Amino acid sequence: MKYKHVFLGSLAALMMFSCAPKQYQIVGVERTRIIVDSHYDQNPDEAAAQFLAPYKRVNDSIMGPVVGAVARNMSPNRPESTLSNLLTDILVWAAKDYGERPVLGIYNMGGIRADLTKGDVTYGDVLDVAPFENKICFLTLTGEALLEVFQQMAYRGGEGVSKGTELVIEMDKDNEHGKLVSARLHGKDIDPKGEYRIATINYLIEGNDGMPSLGKGTNLVAPNDASNNTRFLIMNYFREHQARGEVVDAQIEGRITIKK
């Protein structure tokens with residue numbers, strides 16, 4: 001019986017040792033990029049294609065209609081980009097339909113989820129760029145709070161701001177974070193005691209994506225209907241230009257620059 005207890009005790013100790021958390025350490029990381037192109041269509045699976053055909057027709061009928069065109073390839077990049085410039089200007093453009101006259105539009109780079117390619121822009125392209133249920137909203141910030149927002153933008157290396165904004169930021173030695181050097185809006189310095197009407201998206205006024213000072217806004221107007229979703233505003237902007245035979249364009253203008 002004594003030996004039986006010794007055996008069981010040893011077995012229990014062995015089981016506890018085997019179940020103890022193991023300490024792992026990363027010794028290396030490797031990665032590669034796989035280009036998904038027509039090479040993968042050389043030997044299509046006919047059965048799969050036939051199965052997907054009716055769904056593809058439905059998808060294409062929704063996503064395929066052209067809503068407008070862009071004059072150049074556009075992508076979101078810090079500190080400033082063509083696509084972020086376009087989207088912030090669209091927020092300011094859309095404000096007229098709400099009886100608003102904002103002096104600034106703000107759109108987070110993280111909310112821009114795809115590029116636009118030169119040429120026709122479809123419903124699906126816009127959905128790729130703005131896939132979330134973010135809706136336009138308006139709020140009033142004091143100049144002091146607005147400078148805080150600009151500093152928070154600078155820390156992240158830049159965010160989307162509308163025409164008329166002039167921010168200068170200085171990056172740290174690792175080029176990871178920045179600080180605000182100067183800020184002007186429509187040719188004027190920011191008055192800390194002034195008030196500024198802002199157009200942005202509801203996701204940001206909740207303090208998300210590194211700009212918590214947007215939560216200090218007052219006189220908030222945040223329409224909740226689905227038609228206020230940014231993707232629909234973007235499509236409306238493109239369709240209006242399309243109706244006039246115009247191609248949508250945006251350029252880098254020096255809205256946010258890095259101090260050399």
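For the structure given in this document, a descriptive report is provided here.

Criteria and cut-off values
- Residues numbered from 1 in each chain as written.
- Predicted model: local features only at pLDDT ≥ 70, side-chain atom pairs only at ≥ 80, totals over all residues.
- Heavy atoms only, no water.
- Helix = DSSP H or I, 4+ residues; strand = E, 2+ residues; numbered from the N terminus.
- Rg over C-alpha atoms; globule rule 2.2 N^0.38 Å.
- Buried < 20%, exposed > 50% of the residue type's maximum accessible area, 1.4 Å probe, protein only.
- Areas by Shrake-Rupley, 256 points an atom, 1.4 Å probe, with all protein chains shown as cover.
- Lys, Arg positive; Asp, Glu negative; His and termini not counted.
- Charge placed at Lys NZ, Arg CZ, Asp CG, Glu CD.
- Salt bridge = Lys/Arg side-chain N within 4 Å of Asp/Glu carboxyl O.
- Axes fitted to C-alpha atoms, helices over the stretch in contact; angles between N-to-C directions.
- Parallel < 35°, antiparallel > 145°, perpendicular 65-115°, else oblique.
- Contact = heavy atoms within 4.5 Å.
- Nonpolar A, V, L, I, M, F, W, Y, C, P; charged D, E, K, R; others polar.
- Expected span 1.5 Å × (residues − 1).
- Polar contact = N/O pair within 3.5 Å; in protein donor to acceptor, adjacent residues only side chain to side chain.
- Core = buried A, V, L, I, M, F, W, Y, C linked by side-chain atoms within 4.5 Å.

### Here we look at the overall build of the protein chain
For the protein chain, the helix and strand inventory stands at 7 helices and 11 strands. The globule rule puts the C-alpha radius of gyration for 260 residues at 18 Å, and the 26 Å found for the protein chain is more than 25% above it. Overall, the C-alpha framework of the protein chain stretches about 90 × 60 × 40 Å when taken along its three principal axes. Considering the protein chain as a whole, with its 260 residues, one finds that 37% of them fall into the buried category. Surface summary for the protein chain: the accessible area is close to 16100 Å², and the carbon and sulfur share equals 54%. Side chains of the protein chain carry 29 positive and 33 negative charges; the gap between the two charge centres is 5 Å.

### Some words on the pattern of salt bridges
Pairs may arise between side chains of opposite charge once their charged atoms sit close together. Taken as a whole and assessed by the stated rule, the structure comprises 15 salt bridges. Its salt-bridge partner being E253, residue K163 comes within 2.7 Å of it at the nearest N-O pair. Of the two residues, K163 sits in the loop between β5 (160–161) and β6 (165–171) while E253 sits in the loop between α7 (230–243) and β11 (256–258), which places them 90 residues apart along the sequence. In this structure, E240 and R244 form a salt bridge, with 3.0 Å as the shortest nitrogen-oxygen distance. Accessibility expressed as a relative area gives 31% for E240, which makes it partly exposed. Of the residues examined, R244 reaches a relative accessible area of 45% and is grouped as partly exposed.

### Things to note about the packing of helix α3 (residues 82–94) against α7
In contact at an axis separation of 10 Å, α3 and α7 are set at 85° when each is read in the N-to-C sense. Overall, the two elements α3 and α7 adopt an arrangement that is roughly perpendicular. Contact with α3, carried on its side by L86, L87, I90, L91, W93 and A94, involves T230, L233, I234, N236, Y237, F238 and E240 of α7 and no other residues of that element. Tallied by class, the residues present in the contact of α3 with α7 amount to 10 nonpolar, 2 polar and 1 charged.

### Here's the deal with α7
With 14 residues, α7 extends 20 Å from end C-alpha to end C-alpha; this agrees with the ideal 20 Å at 1.5 Å per step. For α7, the complete set of buried residues consists of T230, R231, L233, I234, M235, Y237, F238 and H241. Near the N-terminus of α7, the side chain that reaches the backbone nitrogen of R231, with its oxygen 3.0 Å away, is that of N229. Taken from the residues just after α7, G245 is the one with a positive phi, measuring 75°.

### Describing the nonpolar core
Within the largest apolar cluster, 57 residues are counted, with the highest numbers of intra-cluster contacts made by L86, I106, L116, L146, F150 and F238. Ranked by residues supplied to this core, first place goes to α3 with 7 residues. In this view, L86 contacts M74, L116, Y237, F238, V248 and A250; residues no more than four positions away in its chain are not counted.

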